[in-house]
Amino acid sequence: MSAWRGVLGALAVGLAACTVTVERSEPEIESGYDILVATDSADPISRIRFMPGSGQAILLDNSQAVAASLNGARDLALSPDGVSLYASVGRGTPFGKLLRIDRAADSVTGQALLGLFPTTIDLTTAGEFAFVTNTNRNGEPAAGSVSKVHLPSMTEVARVQTCIGARGGRLDADGTRHYSVCMKNEVLVEIDAESSEISRLFLLTPDQEHPVARIPVLDPLADSDGPACSPTWVEPATGGGSVYVACSASDEILEIDTRSWTLARRIPTGGHPFQLAITPDGRYLLATLHDRSAPATTVIALGSGEFLARIPNTAPRPHGIAVSRDSRYAFVSVEGAAGAGGAVDIIDLVTLSRVASVAVGPRPHGMVVADGN
């Protein structure tokens, strides 16, 4: 890790419009939190140190050595032992790639070629495999895919074609099923992680939600003004049994029961949900809302579906969410207006308020949280 680069400035503190205080027994991590942030339009990976006791968040720059390899970094994942950082690189010739970075040496130690425009990364529990969603958004609409990468050898061992507008991409609690969604085909895709084959599909179009045997074929002449989910993310429950889908067009989150493969409930969000996260303790469901006039992160009680807070973000287009392992803080990447720099907003999940914000490079996307050291 390189030396600290200095404090960027005083940090704004904002209160949510609706604040709920919840009693917690989990202690804060005394040494603070390290947040690593991928920025699509600025090659270095940003490192933020947040110290809850002082309320300060400081930007550190520790990735200059690998900056040349990070041509459009989209998402990050951390190995179970914390030694290696994995980054998906969206722009490539002709394809994207997955990089393995040694955190201590700040150097690239391996790479795997993937499909077109890889985005989200998730690792199996033991850290043996990575599953990376390839959006394939370049040129005419075409089906995306999910790459399975053997991490010790950094080899793509399978690529599963899915559907148009592939998004999200998360493994379930025991790592046996991978879930992604497709914005254009309005479908949830379940992949068997061992066989690397599609095992089930679920249609997400409003009032038509049900299992389907094949991916719906898009009709370019069909009426595009009909009801749509336009899914952008899927998040499995921490204890298994359900997955949650962000429907950006219908302003709701769908809970799909993975045992019965049926729609369990609808959770209204009051805005266009983009990305989701569930706190490790399973209490809260978080969603970033792409509301142009009032961008925000919403907090929902997962058990009851009760809306708890809508916390304003510091700039337009809140994107990714990462939650500390003690379920105390959420970190939200905010893209900001076109041509402007981005930020990471820090949310206290006890007071349900924004307690800090740190400027980072343009278009921040994926993040990981590690304990301070």
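Residues numbered from 1 in each chain as written. Predicted model: local features only at pLDDT ≥ 70, side-chain atom pairs only at ≥ 80, totals over all residues. Heavy atoms only, no water.

S.K.: Which residues make up the state of the cysteines, and what values go with them?
M.R.: Throughout the structure, instances matching the rule amount to 2 disulfides. Residue Cys-163 pairs covalently with Cys-182 via a disulfide, S to S 2.0 Å. Where Cys-163 bonds to Cys-182 through sulfur, the torsion about that S-S bond is close to 80°, and the disulfide is right-handed. On the criterion of sequence distance, the pair formed by Cys-163 in strand β11 (residues 155-164) and Cys-182 in strand β13 (residues 177-182) is long-range, its members being 19 residues apart. The exposure class assigned to Cys-163 is buried, which follows from its relative accessible area of 2%. (Disulfide = S-S within 2.5 Å. Helix = DSSP H or I, 4+ residues; strand = E, 2+ residues; numbered from the N terminus. Buried < 20%, exposed > 50% of the residue type's maximum accessible area, 1.4 Å probe, protein only.)

S.K.: How would you summarise the sheet that holds strand β15 (residues 197-203) if you had to cite specific residues and measurements?
M.R.: Within the open sheet, the 5 strands sit side by side as β12-β13-β14-β15-β16. Their pairing is antiparallel. Both outer strands of the open sheet, β12 (166-171) and β16 (210-212), are each paired with one neighbouring strand and no more. The sheet shows a mean angle of 25° between the axes of neighbouring strands, direction not considered. Where β13 meets strand β14 (residues 187-192), 6 bridges bridge the pair, whose relative direction is antiparallel. Residue pairing across strands places Cys-182 opposite Val-187, the latter belonging to β14. (Pairing = 2+ DSSP bridges. Axes fitted to C-alpha atoms, helices over the stretch in contact; angles between N-to-C directions.)

S.K.: Lay out the pairing of strand β21 (residues 273-278) in plain terms, naming residues and giving numbers.
M.R.: For β21, the tally of buried residues reaches 6 of 6 residues, placing the bulk of the element in the interior. Across 4 bridges, β21 lies against strand β22 (residues 284-289) in antiparallel orientation. Looking at β22, one finds that Leu-276 is bridged to Ala-287. Where β21 hands over to β22, the hairpin turn is made up of 5 residues, of which Gly-282 adopts a positive phi near 75°.

S.K.: Let's hear about the sheet that holds strand β20 (residues 262-268): which residues, and what values?
M.R.: In space, the 4 strands of this open sheet follow the order β17-β18-β19-β20, with antiparallel pairing throughout. With one partner strand each, in any of the chains shown, β17 (231-236) and β20 form the two edges of the open sheet. On average, each strand axis in the sheet is inclined to that of its neighbour by 25°, with strand direction left out of account. Of the strand pairs in this sheet, strand β19 (residues 252-257) and β20 are connected by 6 bridges, and their pairing is antiparallel. The partner of Leu-254 across the bridge, within β20, is Arg-266.

S.K.: Summarise the environment of Ala-301; cite the residues concerned and give the values.
M.R.: Position of Ala-301 relative to the elements: it lies in strand β23 (residues 296-301). Sequence spacing of Ala-301 and Leu-286 is 15 residues, and the spatial spacing of their C-alpha atoms is 8.9 Å. Beyond its immediate sequence surroundings of up to four residues, Ala-301 is in contact with Arg-283, Tyr-284, Glu-306 and Leu-308. (Contact = heavy atoms within 4.5 Å.)

S.K.: Explain the pattern of salt bridges to me, using residue names and the numbers behind them.
M.R.: Opposite charge on two side chains lets them pair, provided their charged atoms get close. Under the criterion given, the structure shown has 15 salt bridges. With its nearest N and O atoms 2.9 Å apart, the salt bridge here joins Glu-156 to Arg-159. Given the relative accessible area of 25%, Glu-156 is considered partly exposed. A salt bridge links Glu-252 to Arg-266; the nearest nitrogen and oxygen atoms lie 3.2 Å apart. Note that Glu-252 is positioned in strand β19 and Arg-266 in strand β20, a separation of 14 residues in sequence. In this structure Glu-252 comes out as buried when scored by relative accessible area, which is 12%. When salt bridges with common partners are traced through the structure, they connect Arg-177, Glu-190, Asp-192 and Arg-200 into a single cluster. (Salt bridge = Lys/Arg side-chain N within 4 Å of Asp/Glu carboxyl O.)

S.K.: With reference to specific residues and values, describe the side chain of Asp-345.
M.R.: Of note, Asp-345 is situated in strand β27 (residues 342-348). Of the side chains with opposite charge, Arg-354 lies nearest to the buried Asp-345, which makes no salt bridge, at 4.7 Å. A polar side-chain atom of Asp-345 sits 3.0 Å from a polar atom in the side chain of Asn-313. Once residues lying within four places of it in the same chain are set aside, the contact partners of Asp-345 are Asn-313, Thr-314, Ala-330, Phe-331, Val-332, Val-334, Arg-354, Ala-356 and Ser-357. (Lys, Arg positive; Asp, Glu negative; His and termini not counted. Polar contact = N/O pair within 3.5 Å; in protein donor to acceptor, adjacent residues only side chain to side chain.)

S.K.: For the environment of Gln-275, give the residues involved together with the corresponding values.
M.R.: Along the chain, Gln-275 falls in strand β21. According to the relative accessible area criterion, Gln-275 is buried, its value standing at 9%. With 43 residues separating them in the primary sequence, Gln-275 and Pro-318 have C-alpha atoms 8.7 Å apart. Those residues within four positions of Gln-275 in sequence are excluded, and the remaining contacts are Trp-233, Leu-286, Ala-287, Thr-288, His-319, Gly-320 and Ile-321.

It is worth stressing that arrangement in space is one thing and function is another; only the former is reported here.
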